[in-house]
Every structure is written in C-alpha cells, then in structure tokens.
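A structural walkthrough
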Amino acid sequence: MKKLEDMSNELLLCVWDRLLAADIIYSFSNLNIRIHQLLVKFCGLYKELNLRYCSLSAFRFFCYQLPMMNEWRLNLSVLKLGNRYRCCQIDSFANEIVKSFVIRYLARQGKSYDNPSKDLFRLIISNKKPVEPIFPQLTYLSIFQGTSIDEDCRDILLYVAAGGTTMNTFTWRSCSNQTHHAKAFFDWLFRCSINLHSFRLENPFGENGFELTYEHTVLNVYRPHQSLTSLTINILNFSTLDILLHYLLKLEYLDVHISKPIEAADITDQRLPRNLNYPKELRTLKLRYLNVRGKGYYRFEQLAEKFSETLEHFSLSIYHYCRGEPYLNYNGTRLSILCQKLLHLRSLHFAIQVQLCEKSNNQTLTEFTRTFRIPFWFDGPFGRKRVCVDFHQLYNIVQMFSLPYTFNGIALIRTINLIDMQFNTSEEEEKVPINLSLALESLWCGMDHIYICLAEKQKVPLPFFQALQCPRSQGKTLAILPKRGIIPDNVEGNVQLTHFNILELNNPIDANSAYNLEELCSWLRLLPNIKCLDVYLTELKYWLNNNANNPHLDSFLRRVERLYVECSDVINAKMNEEIMEPLLLFLIDKHRFPQLRCLRFMNCKNISSAWDNIEHWIDFILNRISEHQLACVRFDFIEKEQEITDLHTGDQTIAITGLPYIINIHRFVKENHVALWLERKHKQFF
C-alpha cells in the first residue's frame, strides 16, 4: 500500500511539472478520492487558481464548480482571470458566480428562485449595503480585461468576488475605452475594500486615464481609507491625484501615470478645496510618462516636496515641451534642486525627454550634459549618479537617462546620433576614450524595446552597431522602420546583436517606392537570436513574390518560432481572396519555416469575404498538418460587419480527435472583434 502511495505521489508530481494547476484539477479531481486528497496535500490547488491560460474546457468546468463546491469556494484565496487571446473569461465567470450568489442570498432570506438573473443581483446591491461575498477567504484578485464589459459584469466581480473583508491585493488591467467605469472602481475602493493593502488600476498607455472628481467623493460620502498602503494607477489629470491622496493617508507607495498634458495651471484645480490632506508616510514615488508643458513641471515638483520628510525612492519619467521658452527646458540642475529638498532620498531614477523647438547641435547636447556635472551628481545623497545624454536628430529631442536604466515600459528611440552620446564624466574621465558598448550596458539591460530611426539612404557607421551590442542581456525587442539605412559590408564579422529575440517590422512598405531587400538582409545577418517576427502583410507578400531564394532571408526564416502578420493594410475583399491562399502555402512549409510554432494574422478586415473562405483556409491548414510544426494558427478580425448575422457572441470550440494529437478549433465573437484559431496539442500519456 505504501509503494502504491509513493507511485501516486510520483505521478502527481510528474503531472504538476507538465500542466497548469487548473488543468491538473480538471484532469484528475474526479478520478477518485485518493487523487483528490493528493491534490489538496501536495499542491493546495483549491486555494490558488490561475485560470488565464488553462484550456477552455477546464475554464468552463471551474466557472460552474467554483461557486458550487464549498471546499473550493470557502478556501479560495488567490484568483487570476482574463486572457487577451483565447476567450472572454470575465463575462463567462461573472455569469456563473452571480447565479450562485443570488440563490444563496435568497436562501438566507428564506426564499427560493429557480432562475436567478442579473436583474435580481442589481436589486440586491442597489441598497448599497455590504453583501456576503461568494469567496469569503479571497485575498488576491487579478483581472486582465481583454474586451469591454457592462456594468453588471463589473459589479459582479467587484462586489460578489472581491467584496470580502479579507481582500488584500486588487489588480485590474482594462482594455481600451473603459474609463467610464472609473466611479464604480473608486466607489468600491472607498466603500467596500476596508482591509485592502494594494490597489492597481491601469488601462492601455496612450489613452485617457481614470478620473475622479471632488464633487463625486462628497456626494458619495467618501471616508479616508484606513489600510491602503500601495497604489498603482493610470489617471486623467493632476486633480484626480490630489483627490486620491486626500483620502489615502496611509499610502507608502505611489506609482502613477497622468495621461493629460500637465500645464502650470489647470481649470479643474480651481474646483478643489485648499485644505486637502496628503499621506504622511509616503516612501516611494514613481511618476510615469508625464507629458509636461512649459512650467508644468512645478506641479510634480510641488507634489514631491510634500513628502520631503519621508520620501526615500523617487522615479521620474517625463516628456517636456516648451514652445519659445528654451530657458525652461528641464535639466540636471532643476532636478538636483528638487532632490536636495527631499531630505531622506536614497535612490533616484529618471528618464527625461526634452522637445527642442530651435535648431540644435552638439553644443546644445553639451549644455544639457553639463547640468549633470555639478557636485550633486558626483557626490550626492546616493553617491555617484551616472547619466547619459543624447540627441535624437530626426525628432529634435534631447534624452537624459540615469543609469542603470529602469524604465522598461518606455520604448527607446535611437538614430546614428547614438555614437555621439555624452556622459556626466569628470574632467579626469574625459581624457580616457569611452567604450560605448560597455558604457551603455546598463541602459540596454534595463530597456525592453528599441526603435531604430534612420533617414533615406543614410550610411550607418560600424561604431553605431558596436554601441548597440549587449551580450549579457537577452529577450529584447528591436523595431526597424522602413528606412533601414546602408550598412557597411564588414559589420557582420565584427558585430552580432545577440540580445534581440523579437524583431518588429511594424510599418507597411510603400507600394509606390522601391523595396530594398538587401537593406533588410544586412540587418538580419546581425540578429542571430530572433525567435519572433512581427511584420506587415505587404512586406511579407513581397518576400513571397520576390524572395528568389535569398540565402540570408531563408536562413533567418528557418529560425523563426512565432510569426505575427499585421493585416490592416488589406483593404478590400479582393485582396483577402488573392493573398491568403498563396501566403498560407508560403508559410506552411516545414522546409522554409521548420521552427514555426505560432502563426497569427492580426487586425484583419472585410470579415464577410474572409468568412466565406475561412473553412477553405482551415481545410488547407489541416490537410497539410504533417507538413508543418504549427501548434497555433489564429485569425483576428477588428470589425464585425452587420451582415455577419450567424456569428453569436461568445466562445465555441470544436475538437478533432483520432490523430496522434488533438486539434481544437475555437471561435470567439464579441462586439467589433471576431477571432478564429486552431490549436494542436499532442496527447499526453502518463
């Protein structure tokens, strides 16, 4: 019996290594009591569930079982939901848990109801009294919202799932155009999350953030939050930040992005009372990607000065624009004056971009660098602070970064001016030649994404590529715009850019301009570790028609494991029909793409014409299943046309078996988004 138990334990641990926790429960929990006990003993799976990447069948299983089985419902402490690519998890989950919630609520009232609805749920929470959450032990909820949701779905997750007194950490990343839910999120924060310690609310960068008005807080009788110590949020304006800080007096950590340009004076500030409060124990302040105009920097400086007695860690990233007032350009001198007012500052990181209006030259760059050569930067409260300064010639921007670089969310933009980069070196250090590759290593290690911008037929010198090298780093993304420059013949033997694993050619090529494949191949020879390629369909079509067995392009394609094809430039039905089949024939070729595992067509249009051919495309892929290694093929359409009336909103899955592997065909439909994808999974035998 002991030996059998050891074998069972070994089996479970083997499965644990190979499957997601949610898939383990789905696969084994109903086999027998012993397996059930082992799952609880070894994994504690019922307490922590990440449903983001589990199979659709497993997800549906949990949607039904979680609210029904007390062992799961009462002990669940961590829940993660939401997947950008596979299905609309949030709606499905909300629809299931609200049924159980309403039934339990009515049962406590001595009532019963056979068909609980969202209308009953809305009636229950309309009195604004606390309700018993369905997961009373939940401490951590993380939501990735891939598609838009309605008020019912939002409130079910806020009040039914996350409404308990044990909730400690709340994270919600919304999709586009969802800031109209802002008041509901803030109402939940200040009226329900009485023991919450960490609150994170974000939306896509580049959109307006969430807004809170003082009138709303007074009308809804907000009270200062008694437990929240950490806030990460994207908001619309500075007045929203002032209001939040007035009610979050326990904050110790603040990470905020303000989407609206920051001016010296804002009309919304005039509606605020003069006696606003601020946290007394704030130790970390991160101001992300602020768009500052003119004297608007006074706003964030005044904010930081409010925490002069407590602030220990300060991080600042800004874009500063001063029209006709170059003397206001933000620089090292102004920043040092601010930092000296922060009496307990221990660490500082910054990324400052200054947009110049006047013509500039190397002397301008030197003047900015000189502001970081004052004693504060050599021997300040955190010792020697290394700073690099460069000038973006095409966009007329001066960029100043502290080293090591910590702003991986900011895509760096580089031209050949990189080789003229300056550092805040001392007079003695200036006498020693700088090895740019070594000097910039802490910059490249900290960044995730870099754009290369070149002028038409611009000659790119060897030192530029040497400066880009960073052998110690991996996993970086390189984006090259259509103008790719002229690269010297001897570069390949001297330089290899091994730290880039993702290549983005994310601009459509101009059909009226001559396409130079050799310019691209000159880059490809320097990128031996690229595994993922993001490319526009128009450029891919050129390779299809004009490749002519180019050895450098062929060698590159044989290493690609993931291929994302941007199809937004396919503008009519005829292009859909003429391009797709030859393109699939080009791509589904295990000799040309022997490593390709994932193929995705993004932002497709003209659904009606594509949908007429979609079955043909699927048959084309399945009939050649032995000719490729693809595990996933996906088509994403960004517009749902009115004439496609047979596409019902939701998820559908068809499984094809009888092969050495299982093929699932998924279809997802919601609003202006239609997706269809195939997944191939090899059968598992344990």
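Residues numbered from 1 in each chain as written. Predicted model: local features only at pLDDT ≥ 70, side-chain atom pairs only at ≥ 80, totals over all residues. Heavy atoms only, no water.

In the annotation of an unreviewed UniProt entry, the protein chain is listed under the name F-box domain-containing protein and assigned to Rotaria magnacalcarata.

**Looking at the overall build of the protein chain**
Inclusion rule: Runs of E in the DSSP output that reach at least two residues are strands. Runs of H or I that reach at least four are helices, and both are numbered from the N terminus. Under the scheme applied here, a residue whose accessible area is under 20% of the maximum for its type counts as buried, over 50% as exposed, and between as partly exposed, the area being computed with a 1.4 Å probe on protein chains only. Any pair of residues with heavy atoms lying within 4.5 Å of one another is described as a contacting pair. Only the protein chains shown count as cover for residues, and the accessible areas themselves come from Shrake-Rupley with a 1.4 Å probe.
The secondary structure content of the protein chain amounts to 25 helices and 24 strands. Per-residue burial over the protein chain gives 54% buried out of 686 residues. Taking contacts inside the protein chain between residues at least 6 apart in sequence as the whole, the part at least 24 apart equals 79%. Here the protein chain has roughly 31400 Å² of accessible surface; of this, 50% comes from carbon and sulfur atoms.

**Details of helix α13 (residues 332-340)**
Defined as follows: In this description, the arc belongs to the directions extending from the helix axis to the C-beta atoms.
Listing the buried residues of α13 in full gives G332, L335, S336, L338 and C339. Projected down its long axis, α13 carries its buried residues within an arc of 160°, all on one side. Packed against the buried residues of α13 are α12 (297-305), β9 (313-321), β10 (347-355) and α15 (375-379).

**Thoughts on the side chain of T232**
Relative to the assigned elements, T232 resides in strand β6 (residues 230-235). For T232, a relative accessible area of 7% corresponds to the buried category. Setting aside chain neighbours within four positions, we find T232 in contact with F199, R200, L201, E202, Y253, D255 and R288.

**Digging into empty space enclosed by the protein**
Counted only if it meets this: Throughout, the protein atoms alone are placed on a 1 Å grid, and a set of points is a cavity if a 1.4 Å probe fits but cannot get out or a pocket if it is open with protein on both sides within 12 Å along at least five of seven lines; lining residues have an atom within 4 Å of a point. Grid points are joined across faces, edges and corners, and a volume is the space filled by probe spheres set on the points. Each residue gets one label: Ala, Val, Leu, Ile, Met, Phe, Trp, Tyr, Cys and Pro are nonpolar, Asp, Glu, Lys and Arg are charged, and the others, such as Gly, are polar.
This model, assessed by the stated rule, comprises six cavities of 30 Å³ or more. Here the second largest cavity is characterised by a volume of approximately 70 Å³. Considering the residues around the second largest cavity, the lining is formed by I621, L622, I625, H628, L630, A631, C632, V633, I663, L678, E679 and R680. Those elements that place two or more of their residues in the lining of the second largest cavity are α25 (607-623), β21 (632-637) and β24 (673-682). Residue composition of the lining of the second largest cavity, by class: nine nonpolar, one polar and two charged.

**Brief notes about the nonpolar core**
Put simply, the rule is: In this description, a nonpolar core means a group of buried Ala, Val, Leu, Ile, Met, Phe, Trp, Tyr and Cys residues linked to one another through side-chain atoms lying within 4.5 Å. Note: domain ranges come from an automatic or database domain assignment.
Counting residues in each nonpolar core, the largest one holds 111 residues, and the members touching the most others are F300 and F314. Ranked by the residues each element gives to this core, the list is headed by helix α6 (residues 89-108), at eight residues. Each of domain 1 (51-249) and domain 2 (332-401) contributes no fewer than three residues to this core. In contact with F314, other than residues within four places in its own chain, are L285, L287, A304, L338, L342, L345, S347, L348 and H349.

**Observations concerning the environment of K286**
Relative to the assigned elements, K286 resides in strand β8 (residues 284-293). The exposure class assigned to K286 is partly exposed, which follows from its relative accessible area of 30%. If sequence neighbours within four positions are ignored, K286 has contacts with Y253, L254, D255, V256 and S315.

**A short note on the pattern of salt bridges**
What counts is decided by this rule: Any carboxyl oxygen of Asp or Glu within 4 Å of a side-chain nitrogen of Lys or Arg constitutes a salt bridge here.
Evaluated as defined, the whole model comprises 24 salt bridges. The partner of R154 in a salt bridge is D155, with the nearest N and O atoms 2.9 Å apart. With respect to burial, R154 and D155 carry one shared label: buried. Residue E441 is joined to R472 by a salt bridge in which the shortest nitrogen-to-oxygen separation is 3.3 Å.

**Quick look at the pairing of strand β2 (residues 78-81)**
Defined as follows: Strands pair, by our definition, only if DSSP identifies at least two bridges between them.
Relative to β2, strand β1 (residues 48-50) runs parallel, the two being bridged by three bridges. Counted as the bridge partner of E48 is V78 from β2. Both β2 and strand β3 (residues 140-144) contribute to a ladder of four bridges, which runs parallel. Paired with L81 across the two strands is I143, which belongs to β3.

**A word on unusual backbone geometry**
Cis peptide bonds are those with omega within 30 degrees of zero, and the linkage from L403 to P404 qualifies with 0°. Tracing the sequence through the fold places P404 in the loop between β12 (397-403) and β13 (412-414). Positive phi, normally seen in glycine, also occurs at N396, with a value near 60°. Backbone geometry at K457 places phi at a positive 60°, although glycine is not the residue there. The class of K457 is partly exposed, set by a relative accessible area of 48%.

**As for the packing of aromatic side chains**
Heads up, the condition is: Note on aromatic pairs: the rings of Phe, Tyr and Trp (six-membered ring only in Trp) are paired at centre separations within 6.5 Å, and the planes decide the class, stacked below 30 degrees, edge-to-face beyond 60, tilted for the rest. In our convention, an over-ring charge means Lys NZ or Arg CZ found within 6 Å of a ring centre and within 35 degrees of that ring's normal.
Under the criterion given, the structure shown has 31 aromatic pairs. With centroids separated by 6.0 Å and ring planes inclined at 75°, the aromatic side chains of F101 and F121 adopt a geometry described as edge-to-face. On the criterion of sequence distance, the pair formed by F101 in helix α6 and F121 in helix α7 (residues 118-125) is long-range, its members being 20 residues apart. With relative accessibility at 3%, the residue F101 sits in the buried group. A centroid spacing of 5.4 Å and a plane angle of 5° characterise the contact between F170 and F199, whose relative ring orientation is stacked. Within this pair, whereas F170 is found in strand β4 (residues 169-173), its partner F199 is found in strand β5 (residues 198-202), the two being separated by 29 residues in sequence. The aromatic ring of F620 is capped on one face by R624, whose charged end is 3.8 Å from the ring centroid. Taking the ring centre of W677 as reference, the NZ or CZ of R634 above it sits at 4.3 Å.

**Remarks on the confidence of the model for the protein chain**
Here is the rule: Known as pLDDT, the predictor's per-residue confidence is scaled from 0 to 100.
For the protein chain, per-residue confidence averages 84 on the pLDDT scale, and residues scoring 70 or more make up 84% of the total. Counting interchain partners and residues more than four positions distant, the pLDDT-below-50 stretch residues 1-18 has 23 contacts.

**Observations concerning the pairing of strand β20 (residues 598-604)**
Within β20, six of the seven residues are buried, which leaves the element mostly enclosed by the surrounding structure. Relative to β20, strand β19 (residues 562-566) runs parallel, the two being bridged by five bridges. Opposite V565, over in β20, you have F601 as the bridge partner.

**Looking at the packing of α6 against helix α8 (residues 151-161)**
Our working definition: An axis is simply a line fitted to the C-alpha atoms; with a helix, the fit covers only the stretch in contact. Between two such axes, the angle follows the N-to-C directions and lies from 0 to 180 degrees. Our angle categories are set so that under 35 degrees counts as roughly parallel, over 145 as roughly antiparallel, 65 to 115 as roughly perpendicular, and the remainder as oblique. For a crossing to be left-handed, the near helix must be turned anticlockwise from the far one by less than a right angle; the clockwise case is right-handed.
Contact geometry for α6 and α8: axes closest at 9 Å, N-to-C directions at 55°. Compared by their axis directions, α6 and α8 come out oblique. Here the hand of the crossing between α6 and α8 comes out left-handed. Of the residues in α8, those in contact with I90, D91, F93, A94, I97, V98 and F101 of α6 are C153, I156, L157, V160 and A161. Counted by class, the contact of α6 with α8 contains 11 nonpolar, no polar and one charged residues.

**Overview of helix α22 (residues 537-546)**
Because an α-helix completes one turn every 3.6 residues, residues spaced three or four positions apart along the sequence face the same direction. For α22, every residue scored as buried is listed here: L537, E539, L540 and W543. What you see down the axis of α22 is that its buried residues fit within an arc of 165°, all on one side.

**Brief notes about the environment of L241**
If you trace the backbone, L241 turns up in helix α11 (residues 238-247). L241 sits in the buried class, given a relative accessible area of 0%. Along the backbone, L241 and I258 are 17 residues apart, and their C-alpha atoms lie at a distance of 8.5 Å. Leave out the neighbours within four places in its chain, and L241 touches I235, L254, V256, I258 and L303.

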